[in-house]
Each structure stands twice: as structure tokens, then as C-alpha cells.
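Chain by chain, the residues:
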Amino acid sequence: MENQTVEAAVMPRIGDPAPVFKAVTTQGEINFPEDYKGSWVILFSHPADFTPVCTSEFMTFATLESQFNKANCKLIGLSIDGLYSHIAWLRTIKEKIEYKGMKDVEVKFPLIEDITMNVAKKYGMLQPGESSTKAVRAVFVIDPKGVIRTIIYYPLSLGRNFAELYRVVVALQTADAFSIATPADWQPGDDVIVPTAGSCGVAKERMDGKTDMTCHDWFFCTKKLDKEKVLSTILKK
Ligand code: BEZ
């Protein structure tokens, strides 16, 4: 039987240090994650310039950029197109495209040219079952220490939900700041989950109603966390 060489895809994992790279972008060269220490980052890939789903995503993300920046989160895009394609596409978006009330949209965050696929390979953005010539819609949320905290992959046909990506950034920061976890569909102002009781005594205390928590069972207790407290911790003045 003929020998086959299958190149193993590198798939970074949650909790791993973000793979290091230098890249050319529409905003000049970047040295990642070094240049972004101290900020949260959403590093995301899109399949190709001059395509409709990607255009809708870039217009939406660019429109929301200041909201992400206020949460100390910077955006970086990537596709395996070249720099001049990126520049031409972003000019077209600004000059010609109107979509869902958005127009004259300037994409100010860097868009990486990755024609060599160096970055896409390091981040597992190429998934041949979906496409052998385009990156999938990958999203990496990276913390101020350069650690990957969330990874989400979408197929080519599915545009991302940017309200959800913002919720992810806020929820991660809230979990870090208040040492809690966030339940399903959590939004700032909703109750949060306190760490599970680590002893029989604490479990009993909680179930006896001797705390300010609401306990659905000994291992599942929530408490109030004021929306203003969350937002004032997370959002830059
Ligand atoms: C799009 O962005 O519209 C798209 C890109 C690649 C494949 C399919 C759709």
C-alpha cells in the first residue's frame, strides 16, 4: 500500500499560551501576543475577502469595535488572502456597501495577510473537511497574559453572532474579577454561580439557608451580582 503523509493539524486548546507570530496587517506589522500584553484580544479568521457573509461580519464587527475596546478588548482579523486584496476589500466596504443601516464603515482593526498560512496553521484555522483553500470562521479569545480562554469555530456558511462574542468577553472578565462562574445565557445583572461547596459543613450551611445565596441544591448555588458593579469593573472610563 502506498504511504500517505497526513499533516497533523495543530489545534491550540483553551488554557494554552496563544501561539506566537509576526504578521503583516492592514495596520502595519504586529508581533503577537507581545504587542497586545495587557489587553484582551479577539483573533478571528474569515474564509475570504470579497465574500458576502464575511462582508456582513466585518461591517458588524467594525461597528461594534468601540464597544469591545471599552471592555479592554482589541480585534484582529485574518484570512489567507494577500494585503492588497484586504486593502481593496476594506475600501469597497467603506465606499460602496450599505447593509442593515450600516454604511461608510471603516475597518480600523488590523486584518492579517496570511498568504503563507503561517498563522492559520498555528491556530488550527484550516479545517480541510470544510474547505481546503479557505480558513473557517475561527474565534480565539485571548486574555491580557496571552492565554487562550475561549475558542469557537463556525463553518463557512454561518455568520457569527457578535453580541455573543461580546458576552463571552464580559463573562470571562467577570468570572476572573469576582471568582464566580456564569450560568447559561448569563448577562450582566443576572445572578452568578458561586464555587461549589468544598466541605460537608459548607454544604450544610448553604442548604440551611445561612448564606446570602440561593441554593438549588448543595452543589448549585447562585448569588446576586449587581450589573453596575460588573460594568464598572469591566468597562474603561
Ligand atoms: C462568505 O463569506 O459569503 C463565504 C465565504 C466562503 C464560502 C462561503 C461563503
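Shown above is the structure to which this text applies.
This structure is a prediction, so every number in the text was calculated from the model and none was measured. Think of each chain on its own: its residues are numbered from 1, step by step along the sequence as written. Under the rules for a predicted model, residues below a pLDDT of 70 receive no local features and side-chain atom pairs below 80 are neither given nor counted, while totals for whole chains, interfaces and linings still include all residues. Neither water nor hydrogens contribute to the side-chain values; these are computed over all heavy atoms in the structure.

Caption draft 1: Geometry of the pattern of salt bridges. The salt bridge criterion pairs a side-chain nitrogen of Lys or Arg with a carboxyl oxygen of Asp or Glu, the two atoms within 4 Å. Scanning all chains against the criterion turns up 11 salt bridges. Where lysine 37 meets glutamate 34, a salt bridge forms, and the shortest distance between an N and an O atom there is 3.6 Å. The salt bridge involving glutamate 164 is made with arginine 167; its shortest N-O contact spans 2.7 Å. Here glutamate 164 pairs with arginine 167, and both are found in helix α4 (residues 162-178), just three residues apart, close to one helical turn. Only DSSP runs of H or I with at least four residues qualify as helices, and only runs of E with at least two residues qualify as strands; both kinds are numbered from the N terminus onward.

Caption draft 2: Quick peek at the environment of leucine 225. Structurally, leucine 225 can be placed in the loop between β10 (220-223) and α6 (227-234). The buried label applies to any residue whose accessible area, calculated with a 1.4 Å probe on protein chains only, is under 20% of its type's maximum; exposed applies above 50%, and partly exposed to all values in between. For leucine 225, a relative accessible area of 6% translates into the label buried. Along the backbone, leucine 225 and tryptophan 89 are 136 residues apart, and their C-alpha atoms lie at a distance of 43 Å. Leave out the neighbours within four places in its chain, and leucine 225 touches Thr174, Phe178, Gly189, Asp190, Val192 and Val230. Note on contacts: a residue pair qualifies if any of its non-hydrogen atoms lie within 4.5 Å across the two residues.

Caption draft 3: Up close: the site of the ligand. Taken together, the neighbourhood of the ligand is formed by Pro47, Thr51, Pro52, Val53, Cys54, Lys134, Arg137 and Leu156. N or O atoms closer than or at 3.5 Å make up a polar contact, with two conditions inside protein: a donor-capable atom paired with an acceptor-capable one, and, for residues adjacent in sequence, both atoms drawn from side chains. Contact distances for the ligand include 2.9 Å between an oxygen atom and a side-chain N or O atom of threonine 51. One of the backbone nitrogen or oxygen atoms of cysteine 54 is found 2.9 Å away from an oxygen atom of the ligand. For every accessible area listed, the method is Shrake-Rupley and the probe measures 1.4 Å; residues are considered covered only by the protein chains on display. Protein contact buries 78% of the 260 Å² of open area that the ligand shows by itself. No other element matches helix α1 (residues 52-70), which puts three residues into the shell around the ligand. The residue classification treats Ala, Val, Leu, Ile, Met, Phe, Trp, Tyr, Cys and Pro as nonpolar and Asp, Glu, Lys and Arg as charged. All others, Gly included, are polar. Partitioning the shell around the ligand into residue classes produces five nonpolar, one polar and two charged. Only heavy atoms are used to decide nearness, and a residue is near a molecule or strand if one of them lies within 4 Å of it.

Caption draft 4: Region of interest: the sheet that holds strand β9 (residues 214-217). Note on pairing: two strands pair once DSSP finds at least 2 bridges between them. Pairing within the open sheet is antiparallel, and its three strands lie in the order β8-β10-β9. One side of each edge strand has no neighbouring strand; the edge strands of this open sheet are β8 (192-193) and β9. Bridging between β8 and β10 involves two bridges; their strand directions are antiparallel. Paired with isoleucine 193 across the strands is threonine 222, a residue of β10.

Caption draft 5: Expanded view of the nonpolar core. Ranked by internal contacts, the top residues of the largest apolar core, which has 38 residues, are Ile42, Phe58, Phe61, Phe68, Phe109 and Val141. For this core, the secondary-structure elements that each account for two or more residues are β3 (40-45), α1, β4 (73-79), α2 (83-96), β6 (137-142), α4 and α6. Among the elements that make up this core, the one with the highest residue count is α4 (nine residues). The residues that make up this core include at least three from each of domain 1 (21-160) and domain 2 (179-234). Apart from residues no more than four positions distant in its own chain, valine 141 is found in contact with Trp40, Val41, Ile42, Val147, Ile148, Arg149, Thr150, Val168, Val169 and Leu172. Throughout, nonpolar core names a set of buried Ala, Val, Leu, Ile, Met, Phe, Trp, Tyr and Cys residues whose side chains join them through atoms within 4.5 Å. Residue ranges assigned to the domains are those given by an automatic or database domain assignment.

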